[in-house]
Amino acid sequence: MKHRKFFVLTFSVVSRVVMVSMFVLGFATAASAQPTEINTCQNITSSGSYILTDNLTASDTCLNLGGTILNVTIDLNGFTIDAPVAITTGDNMYYVAVRNGIAHGRLALYGVSRVENMIVVDYGNEGAGITTMGGIVTGNTVIGFSVGIVSSGLITGNTVNQNNSEPYGWGILAQPGSTVSNNVAVGNHVGFVVDCPSHVTGNTGYNNFEQDLLLRGQEFCKNKNNLQVANTFEKIDLD
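On a predicted model such as this, the values are computed, not experimentally measured, just so you know.

Chemist: Can you break down the pairing of strand β9 (residues 113–132) residue by residue, with the values?
Modeler: With 10 bridges joining them, strand β8 (residues 94–109) and β9 adopt parallel strand pairing. What sits directly across from Ile-102, in β9, is Ile-119. By the bridge criterion, seven bridges tie β9 to strand β11 (residues 141–151) in an arrangement that is parallel. In the strand pairing of β11, Val-120 is matched with Val-142.

Chemist: If you had to explain the state of the cysteines to someone new, which residues and values would you point to?
Modeler: Taken as a whole and assessed by the stated rule, the structure comprises one disulfide. Sulfur-sulfur distance for the disulfide between Cys-41 and Cys-62 comes to 2.1 Å. Judged by the torsion about the S-S bond (-90 degrees), the Cys-41/Cys-62 disulfide is left-handed. Within this pair, whereas Cys-41 is found in the loop between β1 (36–38) and β2 (42–44), its partner Cys-62 is found in strand β5 (residues 61–65), the two being separated by 21 residues in sequence. Accessibility expressed as a relative area gives 26% for Cys-41, which makes it partly exposed.

Chemist: Would you mind going over the pattern of salt bridges in detail, with residue names and values included?
Modeler: Counted by the stated rule, this structure contains three salt bridges. Put simply, Glu-116 and Arg-114 hold a salt bridge, and the shortest N to O gap is 3.1 Å. In this structure Arg-114 comes out as partly exposed when scored by relative accessible area, which is 21%. Two residues, Asp-195 and Arg-216, come together in a salt bridge whose shortest N-O distance is 2.6 Å. Taken together, the positions of Asp-195 in strand β17 (residues 190–195) and Arg-216 in strand β20 (residues 211–216) put the pair 21 residues apart, joining distant regions of the chain. Neither residue differs from the other here; Asp-195 and Arg-216 are each classed as buried. Through salt bridges with shared partners, one network takes in Arg-99, Arg-114 and Glu-116.

The rules behind each value
Residues numbered from 1 in each chain as written. Predicted model: local features only at pLDDT ≥ 70, side-chain atom pairs only at ≥ 80, totals over all residues. Heavy atoms only, no water. Pairing = 2+ DSSP bridges. Helix = DSSP H or I, 4+ residues; strand = E, 2+ residues; numbered from the N terminus. Disulfide = S-S within 2.5 Å. Buried < 20%, exposed > 50% of the residue type's maximum accessible area, 1.4 Å probe, protein only. Salt bridge = Lys/Arg side-chain N within 4 Å of Asp/Glu carboxyl O.

Bear in mind that shape data such as this cannot, by itself, settle questions of function.
In structure tokens, the structure reads:
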């Protein structure tokens, strides 16, 4: 299986740390407001907190966060969004949080975002289950995509399973400057694809068909004192 470049994020390591810190702080305002109830797919153009009160279905995109608004929280409240693209954002969206539900479709968040406690499933989808450009991706289960998770921030405590769709079949793609910790990758073509420099600690990969861990730019990782500590992998390939 050929490893083609998915896409490259250009944030520096320092800027990513700043972005994550700003995200945690900036997100507090939206989280404290009384949430707006959502029971239909729609465009969201205002900052604030939103909470689902029913399952949502669409033939294309369900929730579209447009413009350059900041501080948006979407709590699925245990409900399901069934759409090819469950939630997406514009390129300049920051401090977006999505949590607590099921997405039968992609979460395409093109800004600093937090995704937590989600089950994201779509067998045969050629895209990525969860995409963020920085931020935090934690406590999620992602199944059935070409790439389970694509991020350049903190990727921790996730399970990626059976992400075998063409053209990639990767469980997690961690862009440069990521911290990848305590994740489990099972039954993908490649469990973890990590672009150096990144920190990789405490992860487990097994029964991935091609290999469990691929470090791209391994010598650069070593030169920059990146960590690969206490990982459990059956097969490791260092480019």
